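Here's the letter readout for the chains.
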Amino acid sequence: MLSIEENERLTRVGPGTPAGELLRRYWHPVAVANELTDENPTKFVRILGEDLVIFLDRSGRLGLLADHCSHRGASLLYGRVEERGISCAYHGWLYDYEGNILETPPERNDAIMNSVKHKAYPVQRLVGLIWAYMGPQPAPAIPPYDVIARKDGKRRITVHPMLDCNWFQTMENAADPTHAPILHQDHSGQTAVPVNTTRGFIDDQPSFDFWPVEYGIMKQRNFLNGESDQHPLVFPNILRSGGTFQIRVPVDDTHTWRVDLNFQASDDGSSDPSAVDPPVRYAEPYKDPPDALHPFTRMQMNTVPQQDHMAWETQRPISDRTAEHLADGDRAIVFLRRLTMENISKVEQGLDPIGVIRDPAHPIIDTNIANDLNASGGQTGAGRPYGLSTGTLVPRSARSRAEA
Ligand code: FES
Ligand SMILES: [Fe+2]
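Residues numbered from 1 in each chain as written. Chains lettered and ligands numbered in written order. Predicted model: local features only at pLDDT ≥ 70, side-chain atom pairs only at ≥ 80, totals over all residues. Heavy atoms only, no water.

A. Representation of the overall build of the chain within the structure. Along its length, the chain carries nine helices and 21 strands. Taking 2.2 N^0.38 as the reference for a compact globule, 404 residues should give roughly 22 Å; the C-alpha atoms of the chain span a radius of gyration of 23 Å, in line with that estimate. Considering only intrachain contacts with a sequence separation of at least 6, the fraction spanning at least 24 residues in the chain is 62%. Once the 40 positive and 53 negative side-chain charges of the chain are each reduced to a mean point, those two points are 1 Å apart. (Helix = DSSP H or I, 4+ residues; strand = E, 2+ residues; numbered from the N terminus. Rg over C-alpha atoms; globule rule 2.2 N^0.38 Å. Contact = heavy atoms within 4.5 Å. Lys, Arg positive; Asp, Glu negative; His and termini not counted. Charge placed at Lys NZ, Arg CZ, Asp CG, Glu CD.)

Below, the structure written as structure tokens:
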């Protein structure tokens, strides 16, 4: 159980908030790169509680600027892109990708051009995504995690529907080794059925371990048949499950954008063009109506991502941790909260939090994909080797008796 103050400290993402300042020390994907084209050169995004516009200027440069024009506040989403930047549609103030004001029609106002700097953030295009850094300069590197940096295979991207809840409950789920055999016991594609729905397949997974690694937390689930799998939480907002980075980008305090980046190694070490520019799939809404909140919508429960979204959203827009009752199985969640609090404190002391890489030539960081039994699939994040188990599985035909 946390106090209201502790809960606020972990969850709020806007400028100047403790977790918001922590999150601003990392690069985050903010859009799918191929959404920006000559025909559609601007896109509105809200990231870490800030309203922003990405644009592709006629020189091929990407920029990320505050949405509201510094003149009188019209949205730059409707700006016209030019060789030198983006021109506000209202009176034509022209901005470059660094937020410099280059023109101030109708006059040329040097005082304003020299003294006003429009808010701008650095962006870069990598593996089919546009990444932004919203923290203090100098910006670190995007860490070369294997899923992002390896070239010996192919990639794909899945964009999930907008999550109507706070980012931190999605990450507590990423640190939660006990939910998968229960919440995901009956997703589509699962052929085995458990002996009862209360315990699901949890008895196939009699123990779990977790330990800190340089970039977050490594978790290990130990199965009855002697197998185990490892899949890490990459601090602060990524779960690596199989070959997939499930990236949970905080949009604002009560919305999170989930984009999955999957890497699959080739057998012969060859590279596929999709390793650089991956195909993109946009998942259909997971609830009906798609924009309503619980209980005024019905969440779908057929697939692993749908089941996770149900659990995350129905914990409330921001989970009320003053009302919870933690048990021993939640000890990795307690560890994640402590790790997050420690790194918030580091940022407050002017230090880099864990996982910040400043060497642009840093070697590829191995997150141990090969040790994840789900590595060949990985897109669902199910993490379910239950088919290997002999422990408590019963045939599907026995299901009605087992559930009775
Ligand atoms: S509001 Fe943008 S130029 Fe006037
Ligand atoms: Fe899950």
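B. Structural detail: the sheet that holds strand 10 (residues 123–126). One open sheet accounts for three strands, arranged 1-11-10; its pairing is antiparallel. Across the chains shown, the open sheet's two edge strands, defined by having one partner strand only, are strand 1 (27–32) and strand 10. The mean inter-strand angle of the sheet, taken between neighbouring strand axes irrespective of direction, is 35°. Note that strand 10 and strand 11 (residues 129–133) share four bridges and pair antiparallel. Residue Val123 lies in a different strand from strand 11, and its bridge partner there is Ala132. (Pairing = 2+ DSSP bridges. Axes fitted to C-alpha atoms, helices over the stretch in contact; angles between N-to-C directions.)

C. Region of the structure containing the nonpolar core. The biggest cluster of nonpolar side chains holds 68 residues, and the ones touching the most others in it are Ile54, Ile130 and Phe245. The element best represented in this core is helix 8 (residues 331–348), accounting for six residues. Taken together, domain 1 (27–133) and domain 2 (146–403) each give at least three residues to this core, which thus spans both. Sequence-distant contacts of Ile54, that is, excluding residues within four places in its chain, are made with Val30, Ala31, Leu36, Pro41, Thr42, Lys43, Val45, Leu62, Gly63, Leu64 and Ile130. (Core = buried A, V, L, I, M, F, W, Y, C linked by side-chain atoms within 4.5 Å. Buried < 20%, exposed > 50% of the residue type's maximum accessible area, 1.4 Å probe, protein only. Domains from an automatic or database assignment.)

D. Structural detail: the coordination of the iron ion (ligand 2). In this structure, His179 (NE2), His184 (NE2), Asp308 (OD) and Asp308 (OD) serve as the protein donors to the iron ion (ligand 2), at separations of 2.1 to 2.7 Å. Around the iron ion (ligand 2) sit four donor atoms, and with donor-metal-donor angles ranging over 53 to 152° the site reads as irregular. Sequence positions of the residues that donate to the iron ion (ligand 2) give the spacing H-x4-H-x123-D. (Donors = N, O, S within 2.8 Å, 3.2 Å for Na, K, Ca; no water. Tetrahedral: all angles 85-135°; square planar, octahedral: opposite > 155°, others 65-115°.)

E. Region of the structure containing the sheet that holds strand 3 (residues 50–56). Pairing is antiparallel in the open sheet, where four strands are placed in the order 2-3-4-9. Every other strand in the sheet has two partners, leaving strand 2 (42–47) and strand 9 (120–121) as the edge strands with one partner each. Direction of pairing for strand 3 relative to strand 4 (residues 62–66): antiparallel, over a ladder of five bridges. By the bridge assignment for strand 4, Phe55 is matched with Gly63.

F. How the structure looks around the domain arrangement of the chain. The domain boundaries assigned to the chain delineate domain 1 (27–133) and domain 2 (146–403). Domain 1 puts 17 residues into the contact, and the matching count from domain 2 is 19 residues. Summing the contributions of domain 1 and of domain 2, the shared interface buries around 1,400 Å²; its carbon and sulfur component is 68%. Its salt-bridge partner being Arg46, residue Asp252 comes within 3.0 Å of it at the nearest N-O pair. Linking domain 1 with domain 2 are six residue pairs in polar contact (both at pLDDT 80 or more). Of all the secondary structure elements, the ones that give two or more residues to the side of domain 1 that touches domain 2 are strand 1, strand 2, strand 10 and strand 11. In terms of residues, the side of domain 1 that touches domain 2 owes the most to one element, strand 1, which gives five residues. Grouping the constituent residues of the side of domain 1 that touches domain 2 by class yields ten nonpolar, four polar and three charged. (Buried area = accessible area lost by both parts, 1.4 Å probe. Salt bridge = Lys/Arg side-chain N within 4 Å of Asp/Glu carboxyl O. Polar contact = N/O pair within 3.5 Å; in protein donor to acceptor, adjacent residues only side chain to side chain. Nonpolar A, V, L, I, M, F, W, Y, C, P; charged D, E, K, R; others polar.)

G. Just the packing of aromatic side chains, in detail. The full count for this structure, using the stated rule, is seven aromatic pairs. Both rings, one in Phe210 and one in Phe335, keep their centres 5.4 Å apart while their planes meet at 55°; by these two values the pair is tilted. Within this pair, whereas Phe210 is found in strand 13 (residues 207–213), its partner Phe335 is found in helix 8, the two being separated by 125 residues in sequence. For Phe210, a relative accessible area of 22% translates into the label partly exposed. In textbook terms, an aromatic cluster arises when at least three aromatic residues are bridged by ring pairs, as seen for Tyr145, Tyr215 and Phe245. One cation-aromatic arrangement involves Arg331 over Phe208; the distance from NZ or CZ to the ring centre is 4.3 Å. (Phe/Tyr/Trp six-rings, centres within 6.5 Å; stacked < 30°, edge-to-face > 60°. Lys NZ or Arg CZ within 6 Å of the ring centre and 35° of its normal.)

H. Region of the structure containing the pairing of strand 15 (residues 228–234). Among the seven residues that make up strand 15, six are buried, leaving the element largely enclosed by the rest of the structure. Inspection of the sheet shows strand 14 (residues 216–222) paired to strand 15 by seven bridges, in the antiparallel sense. Bridging from a neighbouring strand, Met218 pairs with Pro232 of strand 15. When strand 15 meets strand 16 (residues 238–241), the two strands line up antiparallel, connected through two bridges. Bridged to Val234 within strand 16 is Ile238. A loop of three residues connects strand 15 with strand 16, the two strands running antiparallel in sequence.

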